[in-house]
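# Inside the fold
Read off the chains here:
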Amino acid sequence: TWQWDPTVVAGTLALAGGYAWLIRRRGRVLAWSPLARVYFAGGLLALVLALESPIDVGGDRYLFSFHMLQHLLLAMVVPPLLLLGLPEDWRAFHRIRVSPLAASVAFNLVLATWHLPFLYEATLRNEPVHVLEHLTFLAAGVLFWWPLLVPQGRAGSMSVMGKIAYLGFAGVPPTILGLAFILSPVVIYPFYAAAPRVMPLSPLEDQLVAGLVMFGLGNLIYFAGIWVIFFQLDDKRATAGDRALAEVEGPATMRR
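Residues numbered from 1 in each chain as written. Predicted model: local features only at pLDDT ≥ 70, side-chain atom pairs only at ≥ 80, totals over all residues. Heavy atoms only, no water.

### Concerning the overall build of the protein
Regarding its fold elements, the protein presents eleven helices and zero strands. Secondary structure of the protein in N-to-C order comes out as α-α-α-α-α-α-α-α-α-α-α. Counting over 256 residues, the protein shows a buried share of 39%. Split by element, the accessible area of the protein, about 14,100 Å² in all, is 71% carbon and sulfur. (Helix = DSSP H or I, 4+ residues; strand = E, 2+ residues; numbered from the N terminus. Buried < 20%, exposed > 50% of the residue type's maximum accessible area, 1.4 Å probe, protein only. Areas by Shrake-Rupley, 256 points an atom, 1.4 Å probe, with all protein chains shown as cover.)

### Let's talk about the nonpolar core
If you look at the biggest cluster of nonpolar residues, it comprises 49 residues, and the most contacted ones within it are Phe64, Phe144, Trp145, Leu167 and Tyr222. Ranked by the residues each element gives to this core, the list is headed by helix 4 (residues 64-84), at nine residues. (Core = buried A, V, L, I, M, F, W, Y, C linked by side-chain atoms within 4.5 Å.)

### Details of the side chain of Thr175
Its location among the elements puts Thr175 in helix 9 (residues 172-183). Reaching out from Thr175, the side chain makes a polar contact with the backbone oxygen of Gly171 at a distance of 2.6 Å. Once you skip the residues sitting within four places of it in the chain, Thr175 turns out to touch Phe215 and Asn219. (Polar contact = N/O pair within 3.5 Å; in protein donor to acceptor, adjacent residues only side chain to side chain. Contact = heavy atoms within 4.5 Å.)

### Here's the deal with the pattern of salt bridges
If you walk through the whole model with that rule in mind, you get one salt bridge. For Arg125, the salt bridge identified is with Glu121, shortest N-O distance 3.0 Å. Highlighted residues: Arg125 and Glu121, both in helix 6 (residues 117-125), separated by four residues, approximately one helical turn. In this structure Glu121 comes out as buried when scored by relative accessible area, which is 11%. (Salt bridge = Lys/Arg side-chain N within 4 Å of Asp/Glu carboxyl O.)

### Section: the side chain of His134
For His134, the location among the structural elements is in helix 7 (residues 127-149). Within the structure, the side chain of His134 is placed 3.3 Å from the side chain of Gln70, a separation counted as a polar contact.

### So, helix 3 (residues 54-61)
Counting buried positions along helix 3 gives six out of eight residues, so the element sits mostly inside the fold. Buried positions along helix 3 lie against helix 2 (34-51), helix 4, helix 6, helix 7 and helix 10 (190-194).

So, in structure tokens, the structure goes:
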């Protein structure tokens, strides 16, 4: 039976309340656009969806595929949305610098380590270990997305091609992990082999779907990030082109 977790609810309400209070006190921050507030709200919604919905119960008790979806939400969706929801001045890029290489290695190491069979089984049978897993996914997600949000020109910022390469290489480990689940001829986690069947999927079919979630959805998230970076680059090129055209046309108009 699904029930609200008071700890998760209290934590989410505290984040929302603190954010609303900051909006009232710091509403004049120029870098804090209405879109940023939409991002933050989306991050909270994704957090609640991951931890306080049938996705959580289904993944904890019945379906590996639901658990995999929960992991992607916690590691790849919630962190970037919450970070984008903060005013740029509050992200403290000038004080906190994260190596892209270290961030990528740490993120994928956390992702791979928690999916080792003995650790994964421990999270399903021990609630404190499960909570620790979720917290490390969130922390590693923040670490991973941090270098991508450093504004261009700031110390530690990556070039556009560097960001694209960063996301491109980041898709390799989830692809390998997803393919391992898809191609495995046996059920990797005994817990799900013995779990009650609540959907018309065998344990092996459920594992295949989980692999597709990790391989497909994980890479789609990275692709969306690459698309946004390209979109911003096109905007900058268009703006620069308009300025150059104005500079050329200005003197010509004066000569007339």
